[in-house]
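Coordinate analysis (summary)
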Amino acid sequence: MRYKVQLRSSYRYSTPVHFARHTLRLLPLESARQTVGSAALRIEPNPYQRNELTDFFGNRVVQIALERPHTVFGMEMSAEVDVASGVGPDPELTPPWEA
């Protein structure tokens, strides 16, 4: 099944922020049952630096630096993801979330 995913998030600051660094984990990842057809991450204000990497757990990470005064920081992620049907793990064979 194909999913279209959109996420918008923004922060408003009471005083201007002159320099900021952020680590974002907003992009979908590939897996045995999930294929990413497309994914985009738009950031306002436009970052001075932007690096993309994969962390130890396989998550897509975007690290950014903002170097101009701003009172609003916004992110918009859009993606198309294909997810194959399948049987999940037997709940009796997995540890409880409280563990």
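Summarised in this report is the structure supplied together with it. (Residues numbered from 1 in each chain as written. Predicted model: local features only at pLDDT ≥ 70, side-chain atom pairs only at ≥ 80, totals over all residues. Heavy atoms only, no water.)

With 14 residues, the main nonpolar core has Leu 24, Leu 41, Ile 43, Val 62, Ile 64 and Phe 73 as its most contacted residues. Among the elements of the structure, strand E2 (20-24), strand E3 (34-44), strand E5 (60-66) and strand E6 (70-83) are those that each provide at least two residues to this core. Of the residues forming this core, the biggest block, 5 residues, is contributed by E6. Ignoring sequence-local partners within four residues, the contact set of Leu 24 consists of Leu 41, Ile 43, Arg 60, Val 61, Val 62, Ile 64 and Met 75. (Core = buried A, V, L, I, M, F, W, Y, C linked by side-chain atoms within 4.5 Å. Buried < 20%, exposed > 50% of the residue type's maximum accessible area, 1.4 Å probe, protein only. Helix = DSSP H or I, 4+ residues; strand = E, 2+ residues; numbered from the N terminus. Contact = heavy atoms within 4.5 Å.)

A few words now on unusual backbone geometry. A cis amide bond links Glu 44 to the next residue, Pro 45, at an omega of 0 degrees. Summarising the element assignment, Pro 45 is placed in the loop between E3 and strand E4 (49-54).

All chains considered together, the criterion is met by 7 salt bridges. A salt bridge links Glu 76 to Arg 8, with the nearest nitrogen and oxygen atoms 3.6 Å apart. You can see Glu 76 sitting in strand E6 and its partner Arg 8 sitting in strand E1 (residues 2-17), a full 68 residues away along the chain. The class of Glu 76 is partly exposed, set by a relative accessible area of 23%. (Salt bridge = Lys/Arg side-chain N within 4 Å of Asp/Glu carboxyl O.)

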